[in-house]
Each structure stands twice: as structure tokens, then as C-alpha cells.
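These are the residues of each chain, in order.
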Amino acid sequence: MYIPEHFRVRDQSTAIAFMRENPFAILVSTTDEGPFATHVPVVIRENGDRLLLRGHVAKANPHWRHLQQQPLCLTIFHGPHSYVSASNYTSQANVPTWNYGAVHVYGNARVFSDMQELLGMLHDLIPTFEAAYEQQWESLSETYRHRMLSHIVGFEISVTKVEAKFKLSQNRTPEEQQNVIDSLCPAHDTAVAETGRLMSELGLGTKKEEK
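Just so it is clear, the model here is predicted, and its values are computed rather than measured.

*Asks:* Residue-level account of the pattern of salt bridges, with values.
*Replies:* With the rule as written, the count across this model stands at 14 salt bridges. In this structure, Arg 145 and Glu 138 form a salt bridge, with 3.2 Å as the shortest nitrogen-oxygen distance. Residue Lys 207 is joined to Asp 182 by a salt bridge in which the shortest nitrogen-to-oxygen separation is 3.8 Å. Of this pair, Lys 207 sits in the segment after helix H7 (190-201) while Asp 182 sits in helix H6 (residues 174-184), and the two are 25 residues apart along the sequence. Exposure remark for Lys 207: the relative accessible area of 53% places this residue in the exposed category. Several salt bridges converge on common partners, so that one network encompasses Arg 45, Arg 54, Arg 110, Glu 117, Asp 124 and Glu 156.

*Asks:* An account of the side chain of Thr 31 is needed here, citing residue identities and associated values.
*Replies:* Note on placement: Thr 31 falls in strand E1 (residues 24-31). The class for Thr 31 is buried, based on a relative accessible area of 14%. Within the local environment of Thr 31, its side chain forms a polar contact with the backbone oxygen of Gly 34, the two atoms lying 2.5 Å apart. Dropping the residues within four chain positions of it, Thr 31 is found in contact with Phe 36 and His 66.

*Asks:* Quick one: what's the story with the pairing of E1, residue by residue and with numbers?
*Replies:* Buried residues dominate E1, accounting for six of its eight residues. Where E1 meets strand E2 (residues 34-41), eight bridges bridge the pair, whose relative direction is antiparallel. Along E2, the bridge assignment pairs Thr 30 with Pro 35. Taking the residues between adjacent antiparallel strands as the criterion, E1 and E2 are bridged by two residues.

*Asks:* Please give an account of the packing of aromatic side chains that cites residues and values.
*Replies:* One pair of aromatic rings is described through two measures. These are the centre distance and the angle between the planes. In total, this model carries two aromatic pairs according to the counting rule given. Between Phe 18 and Phe 166 the ring centres are 5.1 Å apart and the planes differ by 50°, which places this aromatic pair in the tilted class. Of this pair, Phe 18 sits in helix H1 (residues 12-21) while Phe 166 sits in strand E7 (residues 152-167), placing them 148 residues apart in sequence. Side by side, Phe 18 and Phe 166 carry an identical accessibility label, which is buried. Taking the centre distance of 6.0 Å and the plane angle of 75° together, the rings of Tyr 83 and Trp 98 count as edge-to-face. Separated by 15 residues along the polypeptide, Tyr 83 in strand E5 (residues 72-84) and Trp 98 in strand E6 (residues 97-112) bring together distant segments of the chain.

*Asks:* How would you summarise the nonpolar core if you had to cite specific residues and measurements?
*Replies:* In terms of nonpolar packing, the biggest core is built from 37 residues, with Met 19, Leu 53, Phe 77, Val 103 and Phe 155 touching the most fellow members. A total of six residues in this core trace back to one element, the largest contributor, which is E7. Every residue in contact with Val 103, bar those within four places of it in the chain, is listed here: Ala 15, Phe 18, Met 19, Thr 75, Ile 76, Phe 77, Val 162, Glu 163 and Ala 164.

About the criteria used
- Residues numbered from 1 in each chain as written.
- Predicted model: local features only at pLDDT ≥ 70, side-chain atom pairs only at ≥ 80, totals over all residues.
- Heavy atoms only, no water.
- Salt bridge = Lys/Arg side-chain N within 4 Å of Asp/Glu carboxyl O.
- Helix = DSSP H or I, 4+ residues; strand = E, 2+ residues; numbered from the N terminus.
- Buried < 20%, exposed > 50% of the residue type's maximum accessible area, 1.4 Å probe, protein only.
- Polar contact = N/O pair within 3.5 Å; in protein donor to acceptor, adjacent residues only side chain to side chain.
- Contact = heavy atoms within 4.5 Å.
- Pairing = 2+ DSSP bridges.
- Phe/Tyr/Trp six-rings, centres within 6.5 Å; stacked < 30°, edge-to-face > 60°.
- Core = buried A, V, L, I, M, F, W, Y, C linked by side-chain atoms within 4.5 Å.

Everything listed here is a matter of geometry and, on its own, says nothing about what the molecule does.
Here it is in C-alpha cells:
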């Protein structure tokens, strides 16, 4: 990913927090026919110095076979984004742009269909996205649960590189940054409003949030 230095996120903990806030990712593999992508929720796990991504795809989805053949893959985490009007800048000689946050994660995947491993993966996913569903899942018949598990293939990606980019007007003056924040935050579109909020959280602009 092209990252000008003033947009680069150097703190990995900031990148991981962004990934956890935006867990519906795009998993991309290289195949003989070209790139293949799947939109999928993932769980991020830190295991000592290792960073792992876990999730599953439908068994009918050929992506798990692509991961078997070529374990090296890319997972893209995409967050809030918004058009930024040139009217936010103090000089007339400017053009509009787009603000956004994105994290690209490279790693090697391992796929699995063993029932115990799949259950372990689900016990990561369920508490992350809906802890209350655990009781309902456990109340289902073993036959039904086994049938549902037989329709998915799990994956675990061992991360080798993380590239994070927050393009959020860091190259503008604090006054202009604040103009952008003030123009985005009131928006009804949550993606637009969240872009302004992310800028504020990073300490951009002239108004510092009270802790």
C-alpha cells in the first residue's frame, strides 16, 4: 500500500485497535485466474509476539482451497471514510480529497475442518460479536451443530506484516483540520461522522477532547 510518511501509522497497537473496531475485512488471495476476495468477519488474537487472524468461510466458497494452495494472503481492514471539500481550506488554490483509515495485513494461512478446531474458532467469534448467542448455540442439538460445522472451513492467518494508513488531513494546518472535523462530525452518514471522530481522537484540529 502506498503510504506517504505523514499518513503512516507507526504504532502497531493503534493499528490493532483499528482492526478490532472494523473486523469485517476483505481477505484476498492470489490464484492462477487472478485475485480472489472474500468479505468476512475475523477475530484478532495476540499470542505473545504473534498476531493471528481467525475466521471461517463456507465450504462451498473456493477461497479455502486457494489458501491451501497459496497460504500467503492479504487481509484488508477498512474503516470510516469521507469526501473532504476544498471549502474547508483557507486558500482558494486547493482541491478536494478523501479521508480514510485502512490497515493491510499480510500473513500465511492455515485452513482446518476438524470439528474441535472449528468449535474453538467459534468460541473466539461468538464472544466477540454476540456473547449472548453462546447459550442459544449450546442449546441446539448436537446433530444440528455438527451439520452446521460441516458446512464451513476455518482459517488462521499468522501475520507477517502490518501496514496502516490514516489519511486524515495530517498535512493540513490545525485550523484547516478543525474545519474538516466540524464539517464531518454533524453528518447523518455514520461513515462520514466517524471520520471526523477519528480525526479528533488522534488529536488533530484545534479543539482537544477532554479526557
